[in-house]
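These are the residues of each chain, in order.
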Amino acid sequence: LRCRGHQCLSTHLSVRQDKRELLIIGVLLRGNGRGMQDGREVEFGPGDLTFADTTRPYLATLEGDYEALFLRVPLEIWLRRVGPTEQITARAVPGSTYVGGLVFNFFCQLIPGIGAMEPAMADRLAEVSLTLVSTLADSFSQDACRSSGRTSLLRRAKTLIEENLHDPSLNPEKV
């Protein structure tokens, strides 16, 4: 996306046109911005990566002329594979860090050619992308990761139970 500065305010999922629950990963190529979600505010610049969860209110402000990539991960997939988003929203991973720079460069190379790839290759690269982004999420705080690991396990167990309520043989051992 190349655009002049603007503000994006999401107050509720129902205002989204497609009504999909997403984790949005912003990769800022040029310009500066600020974001707010979950009681935190973050400033970010070129090379930085940020996160927003579309199921909760958020505000993003991009200033002046900017260029950014926005990756959309279905929230259901993120929650099942990584865990809750509360610890990662309104935070920035600087592109100047080793892992941040690695992911930033990966996306800068990936995005321009994704439309020309065979679907099987695009699917594999989507898996790699999710692994890289979840590694970024781990970098925020080891303490947050420990507590979110338990929350993640609980959330996965609840999802498994909900998806298999029709199974009369479902029991704690299976969960």
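All values derive from a computational prediction rather than experimental measurement. (Residues numbered from 1 in each chain as written. Predicted model: local features only at pLDDT ≥ 70, side-chain atom pairs only at ≥ 80, totals over all residues. Heavy atoms only, no water.)

Draft legend 1. Structural detail: the pattern of salt bridges. Under the criterion given, the structure shown has 11 salt bridges. The residue arginine 34 makes a salt bridge to glutamate 63 at a minimum N-O spacing of 2.3 Å. Note that arginine 34 is positioned in strand 3 (residues 22-37) and glutamate 63 in strand 6 (residues 58-74), a separation of 29 residues in sequence. Overall, arginine 34 belongs to the partly exposed group, its relative accessible area being 30%. What makes glutamate 63 partly exposed here is its relative accessible area of 35%. A salt bridge links arginine 56 to aspartate 53, with the nearest nitrogen and oxygen atoms 2.8 Å apart. (Salt bridge = Lys/Arg side-chain N within 4 Å of Asp/Glu carboxyl O. Helix = DSSP H or I, 4+ residues; strand = E, 2+ residues; numbered from the N terminus. Buried < 20%, exposed > 50% of the residue type's maximum accessible area, 1.4 Å probe, protein only.)

Draft legend 2. Here's a closer look at the packing of helix 2 (residues 98-113) against helix 3 (residues 119-138). It is the contact of helix 2 with helix 3, at a shortest axis distance of 10 Å, that shows an interaxial angle of 155 degrees. Considering the angle they form, helix 2 stands roughly antiparallel to helix 3. Read as a crossing pair, helix 2 and helix 3 show a hand that is left-handed. Across the interface between the two elements, Val99, Gly100, Val103, Phe106, Phe107 and Leu110 from helix 2 touch Leu125, Val128, Ser129, Leu132, Val133, Thr135 and Leu136 from helix 3. (Axes fitted to C-alpha atoms, helices over the stretch in contact; angles between N-to-C directions. Parallel < 35°, antiparallel > 145°, perpendicular 65-115°, else oblique. Left-handed = near helix turned anticlockwise from the far one by under 90°. Contact = heavy atoms within 4.5 Å.)

No statement about biological role is implied by the geometric values presented.
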